[in-house]
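# Chains, contacts and geometry: an overview
Okay, here's what each chain looks like letter by letter:
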Amino acid sequence: MLVAAAVCPHPPLIVPELAGAAAAELDGLRAACAAAVESLLAVPHDELVVVGGGQTTRAYGGQAAGSLRPWGVEVKAGAGEPVLPLSLTIGRWLLRRDPDGFQEVAFDAPPRSCLDLGASLVRGPRVALLVLADGSACLTEKAPGYLDPAAQPYQEGLVRALAEADATALAALDPAEAERLWTGGRAALQVLAGAADQPLTGTVLADTAPYGVGYVVATWT
């Protein structure tokens, strides 16, 4: 069963070496992610899996590594040849240790597939998940997806669902709407929804939108 989860965003700029002079702007977000991971690891568990979006759906072993070299810095997370997508690379960097496994889920995976995948990840007695999921990137005119009036209420709905540990609300996210609003974390959040096989309590540690992208940090326990 799922005993705990932490949800963090995965912008490359959360890594200070990449952010450079702008690193201080994300200090609060970085601290919230560290607190969420600390809270997650404090819950007794038998298995820890890191979940994040990518181009395909596939599992990796717990010793898999990732690199931020494609983003211009020689920062590596984990040992070995880098194979992880950005989301899982940031997850490995935040975790500072090897999990039991990594699960990549395709950004365009259908909701039913995401929910089934989540259920399959929690067949062990006590499973903890670190979920990497960005919100809408259409919150301001300078956002990557430009300003969409529907983005703010959509983002508020995501925050509310995480605050209330509302797996039903996450499961109901529409892929087409998520794509239109540049919501990179939709599939990963629906994996979390599928894994939530018992009532949990949600806490939001950060809710911010630097650069017009919604970043939420939350814990479910």
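What counts and what doesn't
Residues numbered from 1 in each chain as written. Predicted model: local features only at pLDDT ≥ 70, side-chain atom pairs only at ≥ 80, totals over all residues. Heavy atoms only, no water. Phe/Tyr/Trp six-rings, centres within 6.5 Å; stacked < 30°, edge-to-face > 60°. Lys NZ or Arg CZ within 6 Å of the ring centre and 35° of its normal. Core = buried A, V, L, I, M, F, W, Y, C linked by side-chain atoms within 4.5 Å. Buried < 20%, exposed > 50% of the residue type's maximum accessible area, 1.4 Å probe, protein only. Helix = DSSP H or I, 4+ residues; strand = E, 2+ residues; numbered from the N terminus. Contact = heavy atoms within 4.5 Å. Pairing = 2+ DSSP bridges. Axes fitted to C-alpha atoms, helices over the stretch in contact; angles between N-to-C directions.

On to the packing of aromatic side chains, then. Under the definition given, this model contains zero aromatic pairs. The ring of Trp 93 carries the charged tip of Arg 96 above its face, separated from the ring centre by 4.3 Å.

Attention now goes to the nonpolar core. Among the nonpolar cores identified, the biggest contains 42 residues, and Leu 129, Leu 162, Leu 170, Leu 192 and Trp 220 are the most heavily contacted of them. It is helix 8 (residues 186–195) that contributes the most residues to this core, seven residues altogether. When near neighbours in sequence (up to four residues on either side) are disregarded, Leu 129 contacts Leu 2, Ala 4, Ala 5, Ala 6, Leu 40, Leu 48, Val 49, Val 51, Leu 121, Leu 192 and Ala 195. Of all hydrophobic cores here, the second largest spans 39 residues; its members include Cys 8, Val 15, Leu 86 and Phe 102.

Turning to the sheet that holds strand 7 (residues 127–132), a few remarks are in order. Across the sheet, which stays open at both edges, the seven strands sit in the order 3-6-2-7-1-9-8 with mixed pairing between neighbours. The open sheet terminates on both sides in strands that have one partner only, identified here as strand 3 (58–61) and strand 8 (202–208). Pairwise comparison of adjacent strand axes, ignoring direction, gives a mean angle of 20° for this sheet. Bridging between strand 3 and strand 6 (residues 101–106) involves four bridges; their strand directions are antiparallel. Of the residues in strand 6, the one forming a bridge with Tyr 60 is Phe 102. The sheet strands contacting helix 2 (residues 27–42) are strand 1 (2–8), strand 2 (47–54), strand 7, strand 8 and strand 9 (215–220), and the helix crosses strand 9 at an angle near 20°. Relative to strand 8, helix 5 (residues 151–163) is tilted by about 150°, and along the sheet it contacts strand 1, strand 8 and strand 9.

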